[in-house]
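A look at the structure
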Amino acid sequence: MFRKFNLTLLFFFLLISCERDSEFSNDPGDYNHTRSVGSSSNDLLNNSKYNALVIEILYMPGYAPNANAISLVKNFLSTFLNKEGGISIIQKEIAGASTSGLSAEEIRSIENSNRTSFTSGSVMAVSIIYTNGQYSDNANTLGIAYRNTSIALLGKTIHDNSGGFGQVSRTKLEATVLEHELGHLLGLVDLGSQMQANHKDTAHGNHCDNKNCLMYYASETTDILGFLNTNNIPQLDSNCKADLKANGGK
């Protein structure tokens with residue numbers, strides 16, 4: 001009886017697990033969008049299986065993407081991704097969050113309820129959420145990458161720190177955060193795109209140790225503001241570029 005109960009229980013949990021894994025699918029057999037950050041880096045970078053990319057931006061009222069920032073991000077992706085079928089971006093307004101602070105789990109839940117673009121056939125799909133709140137774990141956070149094809153920008157924090165008199169431009173800050181978080185989806189640093197030379201900043205997790213590189217930790221926090229006031233959007237350094245190329249990128 002005990003063995004039979006455990007087998008039944010095991011089947012139940014496996015069923016629940018499968019349902020969770022396929023919650024971002026057009027069909028249960030489709031691409032798994034609930035894996036860890038960086039696990040889809042090769043699929044995003046190379047052209048062998050998925051030759052096109054669609055990015056779905058879900059934004060809350062008052063936090064629509066900056067058009068110039070989106071243009072810069074598309075150019076950034078075109079520089080490093082092998083996608084002969086092209087890169088397209090669609091935008092959709094969603095309901096605003098009722099709380100001023102959002103956790104990663106709450107952001108996942110928002111994506112669960114609103115995402116409509118999924119990897120299918122030869123087209124990869126990525127989701128970007130623009131929130132109307134701050135990150136509850138750290139109010140200085142500007143963006144997070146939290147699944148293999150999912151990132152979020154903390155819209156209120158970005159708006160509070162850009163676009164005003166004496167502040168960094170909205171375009172510059174938003175593009176920096178977007179490109180940084182997308183860099184994590186592409187496997188940087190040491191998240192799926194294997195390092196060709198050691199350049200990981202162990203003190204700040206999966207980030208580059210070059211302070212002038214886009215993948216330096218400051219690019220996703222308000223610590224980047226001082227740099228951006230006197231400099232252009234940071235670029236990927238030679239080590240990060242080498243990692244992407246070795247993993248199927250340009």
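Thresholds applied
As a convention, each chain's residues are numbered from 1 in the sequence order in which they are written. The model is predicted, so local features are restricted to residues of pLDDT at least 70 and side-chain atom pairs to those at 80 or more, both for listing and for counting; the totals for chains, interfaces and linings are taken over all residues. Each side-chain value is derived from all of the structure's non-hydrogen atoms; neither hydrogens nor water enter the calculation. Note on scores: pLDDT gives the predictor's confidence for each residue, bounded by 0 and 100. Two residues form a contact once any of their heavy atoms are found within 4.5 Å. The set of buried Ala, Val, Leu, Ile, Met, Phe, Trp, Tyr and Cys residues whose side-chain atoms join them within 4.5 Å is what this entry labels a nonpolar core. Here's how the labels work: a residue is buried when its accessible area is under 20% of the maximum for its type, exposed when over 50%, partly exposed in between, all with a 1.4 Å probe on protein chains only. A helix here means a DSSP run of H or I that spans at least four residues, while a strand means a run of E at least two residues long, and both kinds are numbered starting from the N terminus. Strands pair, by our definition, only if DSSP identifies at least two bridges between them. Lines are fitted to the C-alpha atoms to define the axes, a helix being fitted only along its stretch in contact, and any angle between axes, read from their N-to-C directions, falls within 0 to 180 degrees. Directions pointing from the helix axis toward each C-beta atom define the arc. Should a side-chain nitrogen of Lys or Arg be within 4 Å of a carboxyl oxygen of Asp or Glu, the pair is scored as a salt bridge.

**Looking at the confidence of the model for the protein**
Within the protein, residue pLDDT values average 90, and 88% of them lie at 70 or more. Note on residues 1–22: pLDDT under 50 across the span, and 4 contacts to partners over four residues away in sequence or across chains.

**What about the nonpolar core?**
Nonpolar side chains in soluble globular proteins generally cluster together in the buried interior. If you look at the biggest cluster of nonpolar residues, it comprises 47 residues, and the most contacted ones within it are L53, L77, I128, L173, M215 and L236. Secondary-structure elements contributing two or more residues to this core are α2 (41–45), β1 (52–59), α3 (67–80), β4 (123–130), β7 (150–153), α6 (170–185), α7 (225–230) and α8 (238–246). If we skip the residues at most four places from it in the chain, I128 touches I55, E56, I57, L58, I151, L153 and L178. The next biggest cluster of nonpolar side chains, apart from the first, holds 14 residues, and it includes L58, I110, Y146 and L154.

**A look at the pairing of strand β6 (residues 143–147)**
Along a regular strand, successive side chains alternate from one face of the sheet to the other. In terms of burial, β6 is a largely internal element, 4 of the 5 residues being buried. Note: β6 against β7, 4 bridges, orientation antiparallel. Among the inter-strand pairings, R147 is bridged to a residue of β7, identified as S150. Where β6 folds back on β7, the antiparallel hairpin that results is connected by 2 residues.

**Here we look at the sheet that holds β4**
The mixed open sheet is built from 5 strands, whose spatial order is β2-β1-β4-β7-β6. Across the chains shown, the open sheet's two edge strands, defined by having one partner strand only, are β2 (87–93) and β6. Pairwise comparison of adjacent strand axes, ignoring direction, gives a mean angle of 20 degrees for this sheet. Set on the sheet, helix α4 (residues 104–114) makes contact with β1, β2, β4, β6 and β7; between it and β6 the angle comes to about 65 degrees. Along the sheet, α6 makes contact with β4, β6 and β7, crossing β7 at roughly 160 degrees.

**Things to note about α8**
Within the sequence span of α8, burial applies to C240, D243 and L244. Across the axial projection of α8, the buried residues extend over an arc of 95 degrees, all falling on one side. Of the exposed residues in α8, those oriented more than 90 degrees away from the buried face are S238, K245 and A246. In this structure, the buried side of α8 is in contact with α2 and α3. One or two steps after α8, the chain reaches G248, where phi turns positive at roughly 110 degrees.

**Looking at the pattern of salt bridges**
Counted by the stated rule, this structure contains 5 salt bridges. For R115, the salt bridge is made with E111, and the minimal N-O distance between the two is 2.9 Å. Salt bridges here are not isolated pairs; linked through shared partners, they connect E111, R115 and R147.

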